[in-house]
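Given next are the chains, with one letter for each unit.
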Amino acid sequence: MEATIAATSMKEVTNNAWKKRPLIISGPCSAETEEQVLATATQLAKTGKVDVMRAGIWKPRTRPGSFEGIGTKGLAWLQKAREITKIPWAVEVATAKQVEDALHFDIDVLWIGARTTVNPFSVQEVADALKGVDVPVLIKNPINPDLELWQGAVERVAKAGIKNIGLIHRGFSSYGNTEYRNAPMWHLAIEMKRRFPDMMLINDPSHISGRRDILLDVAQKAIDLDYDGLIIESHVDPDNAWSDAKQQITPARLAEMLDAIHWRKEDVDNKELHDNMEKLRQQINQLDDELMQVLSQRMKVAEKIGQYKKENNITILQTNRWNAILERAYAKGEKLGLSKEFVTKYFDAIHMESINHQNKIMNS
Ligand code: PEP
Ligand code: MN
C-alpha cells in the first residue's frame with residue numbers, strides 16, 4: 001500500500017517536472033556503485049536546481065571491453081536515492097527487457113539513446129514494450145545526421161500510445177578529431193523543432209562537447225536557441241568516472257554553471273521593442289528578396305556559360321576556376337566580416353546549384 005502511494009505521488013512530481021521550464025536533468029553517465037549513486041544524488045538534490053536525475057544502467061558502448069553498465073542491480077540504488085531526494089529518475093532503455101526491468105523498479109522517465117534511435121528494429125521493440133504504459137519518454141537524435149530516423153522513432157513511440165515525448169539533441173558523430181565529440185549541427189535540431197513545435201527539446205551539452213571546458217558555451221547556445229532544458233552529466237568524482245570521465249562535472253560545478261547561464265525568454269511584452277524589431281525584420285525581408293533576385297540572375301549567367309560549354313563539349317567543373325572563385329570570396333568575405341566557414345558553405349551551395357543549372361542545359 002505504501003509503495004502505491006509513493007508511486008502515485010512520484011507520478012505527480014514527474015508530471016510537474018515535465019512541464020517545468022527550463023527542465024534540468026543531471027546525474028552520472030553510469031550508475032557505478034551504490035555509494036556513488038547516493039552521494040551524487042544527494043549532492044545534486046542539495047543544489048535545488050535539478051528536476052530529474054539521470055543514470056545509465058545499461059551502457060551501449062561503441063567497442064567491447066569498456067564498462068557496459070552495472071545492469072539491473074543498479075535500479076535498486078536509484079530507487080533508494082529517490083526515496084531520500086524525492087526527485088524522479090530517468091534511465092536509458094534499448095530492449096524490451098530493459099523497459100520491463102526499469103518499469104519494475106518504477107523508473108519515472110525513460111530515454112532512447114543515440115545508438116538505438118538509428119535502428120528501427122530496436123526502436124520498435126522498445127515501443128512495443130511501452131504499449132499501455134504511462135511513462136514519459138525522451139528520444140535522443142540518432143548518431144548520424146538523419147532527421148527521418150529521429151522523426152521515425154518519435155512516430156513509433158507515439159503510436160505505442162506514449163503521450164509525453166521529448167527530444168534530446170546530443171549531436172552527430174563524424175570521423176576524425178573535431179572540436180566537438182559530436183558535432184551539434186544546430187540546424188538539424190532547429191528543423192526537428194519546426195516539425196514538432198509542441199514537443200519539448202532538450203540539449204545534451206555533455207555528449208556534444210565530450211569535455212568540460214566548452215560545456216557552458218554549448219549550453220548557453222542552446223538556451224539562446226530557445227531549448228526547453230538541459231541534460232548534463234554529473235558525478236561526485238568525475239575524473240574517476242567509469243565512463244565519459246572527461247565530460248562529467250561535480251554537482252557543485254553544475255550549480256555554478258546553471259547560475260552562469262543567461263536564461264532567455266521567448267518574448268517580452270513591450271510595444272516599442274516589438275515595433276523596432278518589426279522595422280528591422282522588414283529590412284531583413286527586403287534584403288532576402290534582393291539576395292534571391294541576385295542569385296537568380298547569377299544562375300541565368302551560369303546557364304549562358306553552360307550553353308558555351310555544351311557547344312564546345314567541355315566539362316562543367318573546372319577546378320581552377322572554382323579555386324579562383326573561392327579565393328576571391330574568402331578575401332572579400334574577410335573584409336566584409338563574414339566567417340570563412342560561412343563563405344565556404346554559402347559558395348558550396350551556390351556552386352552546386354550552378355552545376356545543376358548547367359547540367360540541365362548540357363543534357364537538354
Ligand atoms: C548517455 O546519455 O550516457 C549516452 C550513452 O548518450 P548517447 O546515447 O547520446 O550517446
Ligand atoms: Mn555518457
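How each quantity is defined
- Residues numbered from 1 in each chain as written.
- Chains lettered and ligands numbered in written order.
- Predicted model: local features only at pLDDT ≥ 70, side-chain atom pairs only at ≥ 80, totals over all residues.
- Heavy atoms only, no water.
- Patch = residues over 30% accessible without salt bridge, like charges linked within 9 Å, V, L, I, M, F, W, Y side chains within 5 Å.
- Areas by Shrake-Rupley, 256 points an atom, 1.4 Å probe, with all protein chains shown as cover.
- Salt bridge = Lys/Arg side-chain N within 4 Å of Asp/Glu carboxyl O.
- Helix = DSSP H or I, 4+ residues; strand = E, 2+ residues; numbered from the N terminus.
- Buried < 20%, exposed > 50% of the residue type's maximum accessible area, 1.4 Å probe, protein only.
- Donors = N, O, S within 2.8 Å, 3.2 Å for Na, K, Ca; no water.
- Phe/Tyr/Trp six-rings, centres within 6.5 Å; stacked < 30°, edge-to-face > 60°.
- Pairing = 2+ DSSP bridges.
- Right-handed = clockwise from strand over helix to strand, strands pointing away.
- Lys, Arg positive; Asp, Glu negative; His and termini not counted.
- Charge placed at Lys NZ, Arg CZ, Asp CG, Glu CD.
- Near = heavy atom within 4 Å.
- Polar contact = N/O pair within 3.5 Å; in protein donor to acceptor, adjacent residues only side chain to side chain.
- Nonpolar A, V, L, I, M, F, W, Y, C, P; charged D, E, K, R; others polar.

K.L.:
So what about a nonpolar patch on the surface? Which residues, and what values?
P.N.:
Together, Val268, Leu273 and Met277 line one region of the surface with nonpolar side chains, adding up to about 200 Å² of accessible area. Examined against the element boundaries, valine 268 turns out to sit in the loop between α11 (251-260) and α12 (271-311). Look at valine 268 and you get partly exposed, because its relative accessible area is 32%.

K.L.:
Any chance you could break down the coordination of the manganese ion (ligand 2) for me, citing the residues and the numbers?
P.N.:
For the manganese ion (ligand 2), the full set of protein donor atoms is Cys29 (SG), His207 (NE2), Glu233 (OE) and Asp244 (OD), and the range of their distances to it is 2.1 to 2.4 Å. Positions of the donor residues of the manganese ion (ligand 2), expressed as sequence spacing, correspond to C-x177-H-x25-E-x10-D. Here glutamate 233, found in strand β8 (residues 229-233), pairs with aspartate 244, found in the loop between β8 and α11; they are 11 residues apart in sequence, far enough to count as distant. Residue glutamate 233 shares its accessibility class with aspartate 244, and that shared class is buried.

K.L.:
Could you give me a rundown of the packing of aromatic side chains, with the residues and numbers involved?
P.N.:
Centre-to-centre distance and the angle between the planes together describe a pair of aromatic rings. Under the criterion given, the structure shown has four aromatic pairs. Geometrically, the ring pair formed by phenylalanine 342 and tyrosine 346 is stacked, given 5.5 Å between the ring centres and 20 degrees between the ring planes. Taken together, the residues phenylalanine 342 and tyrosine 346, both in helix α14 (residues 340-362) and four residues apart, mark about one turn of the helix. When its relative accessible area of 42% is taken as the criterion, phenylalanine 342 is described as partly exposed.

K.L.:
An account of the pairing of strand β6 (residues 165-169) is needed here, citing residue identities and associated values.
P.N.:
The buried fraction of β6 amounts to five of the five residues, a majority that puts the element mostly inside the structure. Because side chains alternate across β6, one face comprises the buried residues Ile165, Leu167 and His169, and the other comprises Gly166 and Ile168, equally buried. Strand direction decides the pairing type here: strand β5 (residues 137-140) and β6, joined by four bridges, are parallel. In the strand pairing of β6, leucine 138 is matched with glycine 166. Regarding topology, helix α7 (residues 147-159) serves as the crossover connection from β5 to the parallel β6, and that connection is right-handed. Bridge count between β6 and strand β7 (residues 200-203): four bridges; the pairing is parallel. Counted as the bridge partner of glycine 166 is methionine 200 from β7. In terms of handedness, the path from β6 via helix α8 (residues 186-195) over to β7 forms a crossover that is right-handed.

K.L.:
I'd love a proper account of a positive patch on the surface, names of residues and values included.
P.N.:
Among the surface-exposed residues, Arg321, Arg328, Lys332 and Lys335 lie close enough to one another that they form a single positively charged patch. With respect to the secondary-structure elements, arginine 328 resides in helix α13 (residues 319-335). Accessibility expressed as a relative area gives 64% for arginine 328, which makes it exposed.

K.L.:
Can you tell me about the site of ligand 1, naming the residues and giving the values?
P.N.:
In the region of ligand 1, the neighbouring residues are Cys29, Arg54, Lys59, Glu92, Trp111, Gly113, Ala114, Arg115, Lys140, Arg170, His207 and Glu233. The side chain of arginine 170 places a nitrogen or oxygen atom 2.6 Å from an oxygen atom of ligand 1. Relative to its free-state accessible area of 300 Å², ligand 1 is covered by the protein chains to the extent of 97%. Grouping the constituent residues of the shell around ligand 1 by class yields three nonpolar, two polar and seven charged.

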